[in-house]
Amino acid sequence: MPQAIQHFDLPVVVDQDKCIEGCRVCVEVCPLDALAINPDTRKAYMARDECWYCTPCQVDCPANAVTVKIPYLLR
Amino acid sequence: MELHAEILVIGGGSAGSVAAIKAKEAMPDRTIMLLEKANIRRSGAITMGMDGLNNAVMPGHAEPEDYVKEITLANDGIVNQRALLRYAQSSAEMVSELDSWGVKFQKTSTGEFDMKKVHHNGRYVLPMPEGYDLKKILCRKIRRVGVRVENRIMATRLLLDSGRVAGAMGFNTRTGEFVVIRAKAVILSCGACGRLGLPASGYLYGTYEMPTNAGDGYSMAFHAGAELTNLECFQINPLIKDYNGPACAYVAGPFGGHTVNAQGHRFIQCDYWSGQMMMEFYRELNSGKGPVYLKMNHLADETISEIERIMHTTERPSRGQFHAGRGKSYRTDMVEMHISEIGLCSGHSASGVWTNENGETTVPGLYAAGDMASIPHNYLLGAFTFGKICAQHAVEYAKRVSEPMVDPAQVESERDRVLRPLSQPGGFPHHQVEYKLRRMVNDYLQPPKLTTRMEIGLEHFIRAKADLNDMGARDPHELMRAMEVHFIRDCAEMAARASLNRTESRWGLYHFRVEYPVSDNTNWFVHQNLRRKADGTIEFIKRPVAPYVVPLEKGERDSYGRLRIEAPAAVAEAV
Ligand SMILES: Cc1cc2nc3c(=O)[nH]c(=O)nc-3n(C[C@H](O)[C@H](O)[C@H](O)COP(=O)(O)OP(=O)(O)OC[C@H]3O[C@@H](n4cnc5c(N)ncnc54)[C@H](O)[C@@H]3O)c2cc1C
Ligand code: SF4
Ligand code: SF4
């Protein structure tokens, strides 16, 4: 079945250069399970627009690679 | 997957973490399992810690009886005082225990706990300016005592064996594997129903509550036949507009911040959250003198720096970023506030699974603690303390009873129900179904409560069952969200029915009915409990308020009814 693809402004941005391959910390700590690892690059990214802008992903990242923005609808 | 535990704790947030630790300490050679839909490292309302305990009853600052009185008054008298007293007598010991685990509380220069006054009458707030490590400390303790932790498994229904609890069922939110866990006793600590109303921003997860908590515990207890109480006593909080987190007057208050209207006048005597306070807040918002603000811009620069240091590192640390994004600062601007979406939560109001002073529900072997259990205004320390109390009683119960049997028919029917969305991936997407349902909650259930409006809402919630059956999920993550919509729908229906059934107004704004604007103490000075009958319908039970163990004096009864400052200018001068 063909699917519509929509673009969203996602609240969490991962700096792909800083992210450490194989780390996964942010993916594991996120309460909403909104982050995932891209199997091709083995780096983290925001996979779902389901965020409480609570910041554990940012605070716990050992590489300082995560930025949590306030979700656009609230900003 | 089939698992077994002596005691199963569902929800590894505040209450569940302590419950699991205490149960394991009491039964070191048995399996105590902590089931968590997220990961206990950062799950629950205290994901980034907390800036203070709202309700610590500490020797030298307050007597347990004072606290019982305060919470009785803040709840218009409808409380189980025995349970409140049990909490009030146990909370100081819990604080000492947390202190010994490494939790950092604010202390005076002489090493005493530095208590602050925020409530109307007593002094119960204990700041934790470095509270951001709470979850780390609890996790360390959980690991050390040897609790078996199962992360990323979401419970969906409880198992029953001839009326007593026998465990729970659920699935792995990453693999989709169906899971059955047999246990002699179950402690539910799944938090609030925080995804009931839709926040004004329209963002599904921009809720006041941690959005993992979708009413899972309320719904699971309901389907197991447990009684729930006062579901018409909604949670509605005064928050930073759009950001939807606490502003937070409990932190700013002791430094000299306070709530004002657009004219800069104070209109409430105290910032402690109660239905009566929210009613005054609502009136002010709609009076022509709104909006309402938290005012700190009169404070000294270094005081504001101290407030910022606390508010921008713990509890909801992205607050600072939100203000900066709008070009606002505590130094120059007041913080615009608004009313939150409705929710169910005993941590802040009084709607929950009916529990007594031992944390027991009405189903044998089933306990509940924290935001989802009925102890009113229980907050963080209440979650910890009742987690511990539940563990003590669940351990005694588990020692007494035999292994329960798992009913294969129950397992089969739940497996079918839960896995269905995966078999129809093209079905309605969870976010659309959830958005519509919660938008209806706003349209039809938000106070002031109108009879006809709530009746229409109820029709929508019943009709939504069909949409729920037609939901699709393309992966286990979407399945988790889809099953959460089931919990939300159950809570919406219960909240509508309970609100319609209580034909009076009570708890200020929380249950303000336009057609019945005053309290009816002759017919409604009762807990309104509900439970699921065998045929699936809901029945109501009026539970009398047990005789008070701490009687109220005549003059005290109305103290929470007199929160408004009538002539702002004159009173401001007097204080
Ligand atoms: C923004 C905010 C600020 C607050 N500020 C204060 C404060 O300053 N002082 C204070 O005393 N109190 C405060 N509170 C209240 C306090 O944090 C809560 O009362 C307390 O943390 C509730 O604990 P709990 O264990 O009931 O819920 P939580 O700690 O939220 O834990 C519930 C857990 O259950 C898990 N779960 C839910 N459903 C399932 C399921 N189906 N299967 C498996 N796991 C599940 C969740 O992932 C979560 O980990 C605040 C609350 C919020 C939201
Ligand atoms: S925590 Fe940081 S380094 Fe680790 S996966 Fe996430 S972004 Fe990458
Ligand atoms: S801010 Fe919170 S909810 Fe959002 S991605 Fe980070 S950890 Fe997850």
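Numbering of residues begins from 1 in every chain and follows the order in which that chain's sequence is written. Chain letters and ligand numbers both follow the written order, the letters beginning at A and the numbers at 1. Local features in this predicted model are restricted to residues of pLDDT 70 or higher, and side-chain atom pairs are both shown and tallied only at a pLDDT of 80 or more, whereas totals for entire chains, interfaces and linings draw on every residue. Side-chain measures were taken over the full set of non-hydrogen atoms in the model, leaving aside hydrogen atoms and water.

Another aspect to go through is the side chain of glutamate 36 of chain B. Residues and elements named next belong to chain B. Helix and strand definitions follow DSSP, with helices as H or I runs of at least four residues and strands as E runs of at least two, each counted in order from the N terminus. Structurally, glutamate 36 can be placed in the loop between β2 (32-35) and β3 (52-53). One polar contact links the side chain of glutamate 36 to the main-chain amide nitrogen of alanine 38, over a distance of 2.7 Å. A polar contact of 3.3 Å, which involves the side chain of glutamate 36, links it to the side chain of serine 43. Only heavy atoms enter the contact rule, under which two residues are in contact if any of them lie within 4.5 Å. Filtering out sequence-adjacent residues up to four positions away, glutamate 36 remains in contact with Gly11, Gly12, Gly13, Ser43, Glu150, Asn151, Arg152 and Ile153. For this analysis, a polar contact is any N or O atom pair within 3.5 Å, provided that within protein one partner can donate a hydrogen and the other can accept it, and provided that sequence-adjacent residues contribute only side-chain to side-chain pairs.

Attention now goes to the packing of aromatic side chains. All names here are of chain B. Two rings belonging to Phe, Tyr or Trp (six-membered ring only in the last case) form a pair when the distance between their centres is within 6.5 Å. Interplanar angles under 30 degrees mark stacking, angles over 60 mark edge-to-face geometry, and anything in between is tilted. With the rule as written, the count across this model stands at 11 aromatic pairs over all chains. Between phenylalanine 105 and phenylalanine 113, the ring centres sit 5.9 Å apart and the planes meet at 85°, which makes this aromatic pair edge-to-face. A simple rule labels every residue: compare its accessible area, found with a 1.4 Å probe on the protein chains alone, to the largest value its type can have, and call it buried under 20%, exposed over 50%, or partly exposed in between. We classify phenylalanine 105 as buried; its relative accessible area is 8%. A relative accessible area of 18% places phenylalanine 113 in the buried class. Seen in terms of ring centroids, tyrosine 272 and tyrosine 379 are 6.4 Å apart; in terms of plane orientation they differ by 55°. Their pairing is tilted. Of this pair, tyrosine 272 sits in the loop between β11 (258-260) and α7 (275-285) while tyrosine 379 is found in helix α10 (residues 379-400), placing the two residues 107 residues apart along the sequence. For tyrosine 272, a relative accessible area of 0% corresponds to the buried category. Its relative accessible area of 6% is what places tyrosine 379 among the buried residues. In textbook terms, an aromatic cluster arises when at least three aromatic residues are bridged by ring pairs, as seen for Tyr208, Tyr250, Tyr272, Trp273 and Tyr379. Two limits define a charge over a ring: the Lys NZ or Arg CZ must be within 6 Å of the ring centre, and within 35 degrees of the ring normal. Its guanidinium or amino end placed over the ring of phenylalanine 234, lysine 449 lies 3.7 Å from that ring's centre, counting from NZ or CZ.

With that out of the way, let us pick up a positive patch on the surface. All names here are of chain B. Side chains of Arg41, Lys136, Arg140, Arg143 and Arg144 sit close together on the surface and give a patch of like positive charge. Following the sequence through the fold, arginine 144 ends up in helix α4 (residues 134-145). Relative accessible area serves as the criterion here: at 67%, arginine 144 is assigned to the exposed category. Patch definition: residues above 30% relative accessible area lacking any salt bridge, with like charges linked at up to 9 Å and the nonpolar side chains Val, Leu, Ile, Met, Phe, Trp and Tyr linked at up to 5 Å. To be clear on the numbers: accessible area is Shrake-Rupley with a 1.4 Å probe, and residue cover counts the displayed protein chains and nothing else. Salt bridge criterion: a side-chain nitrogen from Lys or Arg within 4 Å of a carboxyl oxygen from Asp or Glu. For this count, His and the chain ends are skipped, Lys and Arg are scored as positive, and Asp and Glu as negative. Taken as the charge location is NZ of Lys, CZ of Arg, CG of Asp or CD of Glu.

Turning next to the pairing of β2 of chain B. Residue and element names in this part refer to chain B. Covered by surrounding structure in β2 are Ile32 and Leu34 together with Met33 and Leu35, the residues of both alternating faces. When DSSP finds two or more bridges between two strands, those strands count as paired. In the sheet, strand β1 (residues 2-10) pairs with β2 via 4 bridges, with the strands oriented parallel. Note that in β2 the partner of isoleucine 10 across the bridge is leucine 35. With the strands pointing away from the viewer, any crossover whose connection runs clockwise from the first strand over the helix to the second is right-handed. Of the crossover connections in this fold, the one passing from β1 over helix α1 (residues 14-26) to the parallel β2 is right-handed. Of the strand pairs in this sheet, β2 and strand β5 (residues 148-150) are connected by 3 bridges, and their pairing is parallel.

All names here are of chain B. Joining through side-chain atoms within 4.5 Å is the link that ties buried Ala, Val, Leu, Ile, Met, Phe, Trp, Tyr and Cys residues into a set, and such a set is a nonpolar core. If you look at the biggest cluster of nonpolar residues, it comprises 216 residues, and the most contacted ones within it are Ile7, Ile10, Leu158, Leu188, Leu196 and Phe384. Per element, the largest residue contribution to this core is 14 residues, and it comes from helix α14 (residues 476-501). A domain assignment, automatic or from a database, supplies the domain bounds used here. For this core, the domains that each give at least three residues are domain 1 (2-234 + 344-408) and domain 2 (238-339).

We call a residue near a molecule or strand when any one of its heavy atoms sits within 4 Å of it. Around ligand 3 sit 13 residues, and of these Cys30, Cys51, Cys54, Thr55 and Cys57 of chain A come closest. A class-by-class count of the residues in the shell around ligand 3 yields 12 nonpolar, 1 polar and no charged. When residues are sorted by character, Ala, Val, Leu, Ile, Met, Phe, Trp, Tyr, Cys and Pro go into the nonpolar class, Asp, Glu, Lys and Arg into the charged class, and all the rest, Gly among them, into the polar class.

This brings us to the domain arrangement of chain B. All names here are of chain B. Entries for chain B in the domain assignment read domain 1 (2-234 + 344-408) and domain 2 (238-339). Computed from C-alpha atoms alone, the centre-to-centre distance between domain 1 and domain 2 is 28 Å. Between domain 1 and domain 2, the contact holds 24 residues from the first and 23 residues from the second. Note on domain 1 versus domain 2: buried area summed over both sides is about 2,000 Å², and carbon and sulfur give 58% of it. What counts as buried area is the accessible surface, traced by a 1.4 Å probe, that two parts surrender upon association, with contributions from both included. Interface area lost by domain 1 to domain 2 is led by Asp51, Val118 and Tyr208, which between them contribute 30%. Scanning the region where domain 1 abuts domain 2 turns up 1 salt bridge. If you look at where domain 1 meets domain 2, you find 7 residue pairs in polar contact (both at pLDDT 80 or more). Examining the composition of the side of domain 1 that touches domain 2, we find that 3 residues originate from one element, helix α2 (residues 64-74), more than from any other. Of the residues contributing to the side of domain 1 that touches domain 2, the split by class is 11 nonpolar, 10 polar and 3 charged.

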